[in-house]
Amino acid sequence: MTPPDEERGRAGANGRYDVPLVVARPDGEPARRNGHHPPPGPAADPARGAAAPRPTRREQPAEREPAEPAAGAPRDAAVPDQPGDVWDRRVASGLAFLRRRLSGDYQVDEFGFDPELTESVFHPMLRLLYRDWFRTEVNGLEHVPADGAGLVVGNHSGTVALDALILSAALHDQHPAHRHLRLLGADLVFRMPVVSELARKTGGTVACNPDAERLLRSGEVVGVFPEGFKGVGKLYADRYKLQRFGRGGFVSAALRTGTPIVPVAIVGGEEIYPMLADIKPLARLLKLPYFPVTPTFPWLGPLGMVPLPSKWLIEFCPPIPTAHLTDSADDPLVVFNLADQVRETIQQTLHSLLERRPDPFGP
């Protein structure tokens, strides 16, 4: 029988035993210290192979606190967002927006355009319409200039001119440069108290050549619908048949500034409020260009203003250059020919888009 002092170490002068410390070498083999070997582990079982060494208190890894991110590294990269963090940021952003609005800390240009209000309030509402309700597909955005001026000319329809608003929101959201479309509207729009203020805030102005030329010379993308109320107020039986383009004032503005003209065709607006009839006496009484009768209005009252969920297709066509015709801005023949070219381009594109969309309310 082995004496206890040989098992546990040699006793010192004070009667206490010196317990040998076990230190593991890099190769995993325990090393000697204080002249002693570590206590023997359990015997190896030949059937199971060599037994693992018995861990000691010094060999067991200690629990550590999570490592802090390195200096200069973003803290969000190390700590993932919690479920409520996104809403916290949205609330903080909304409160900061309200603070800026109440304190007047925002910018408006000479036409009354408020970019922050447009991007924060109006575009999110329009996004629900064009993306989720109308399921809009947009093609040809590469034809809209990434910088500098451009004149976007489109067809008008829909009883209520939602196509202009949808076009402006879709262009800003999906264009690589997120261009704002500065719409030109009829005089009636800017004579209505609330509508006029909203139109100014979202970048609109009166459809006149001086304002259009000022916007184009400042490098803006301007949107115009030459059909006017004739296009918006036409009957459903005449859908997607372009009306007369007026005197071609948009062409003169493009020629004087050397701005390329980008025709755009919009399919889908004719079906949101199918206009079955126009009550002209009532329209004259209310001083409106038309008074529509649709399958839902005025029969359903306010519910009749809910647009039908038609499928929309928007196609931007290749631009028509005008820089080489700046000296012909006052030539009626040049203006007429260029306006007719734009009109024919839009009409042919409408026909091709209607072939791609045989069902107005399909997926």
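Scroll up to find the structure this text is about.
Cut-offs and rules
Per chain, residue numbering runs from 1 following the sequence as it is written. A pLDDT threshold of at least 70 governs which residues receive local features in this predicted model, and a stricter bar of 80 or more applies before side-chain atom pairs are shown or counted, although totals over entire chains, interfaces and linings include all residues. Side-chain numbers come from the whole structure's heavy atoms, not from hydrogens or water. In this analysis, strands are considered paired if DSSP registers two or more bridges between them. Numbering of helices and strands starts at the N terminus; helices are DSSP runs of H or I of at least 4 residues and strands are runs of E of at least 2. For this analysis, residues touch if any pair of their heavy atoms sits within 4.5 Å. In this analysis, axes come from line fits to C-alpha atoms, helices being fitted only over the stretch in contact, and the angle between any two N-to-C directions falls in the range 0 to 180 degrees. Per-residue accessibility, obtained with a 1.4 Å probe over protein chains only, is compared with the maximum for each type, and a residue is labelled buried under 20%, exposed over 50%, and partly exposed between these values.

(A) Molecular detail of the sheet that holds strand β3 (residues 137–139). Read from one edge of the open sheet, 7 strands run β3-β11-β8-β4-β7-β5-β6, paired in mixed fashion. With partners counted over all chains shown, the strands left at the sheet margins are β3 and β6 (205–206), one partner each. Direction of pairing for strand β5 (residues 181–185) relative to β6: parallel, over a ladder of 2 bridges. Bridging from a neighbouring strand, Gly 185 pairs with Val 206 of β6. Where helix α5 (residues 162–174) meets the sheet, it contacts β3, β4 (150–154), β5, β7 (221–224), β8 (261–267) and β11 (313–316), and its direction lies at approximately 170 degrees from that of β5. Across the sheet, helix α11 (residues 332–356) touches β3, β4, β8 and β11, and the angle it forms with β8 is around 35 degrees.

(B) View of the side chain of Thr 349. For Thr 349, the position within the fold is in helix α11. Non-local contacts of Thr 349, meaning those with residues more than four positions away in its chain, are made with Ala 265, Glu 315 and Cys 317.

(C) Quick peek at the pairing of β4. Summarising burial for β4: 5 of the 5 residues are buried, a large majority. Burial along β4 is two-sided: Gly 150, Val 152 and Gly 154 facing one way and Leu 151 and Val 153 facing the other are all buried. Summarising the sheet, β4 and β7 pair through 4 bridges and their orientation is parallel. By the bridge assignment, Leu 151 is partnered in β7 with Val 222. The pairing of β4 with β8 spans 4 bridges and is parallel. Bridge pairing in β8 places Val 153 opposite Pro 263.

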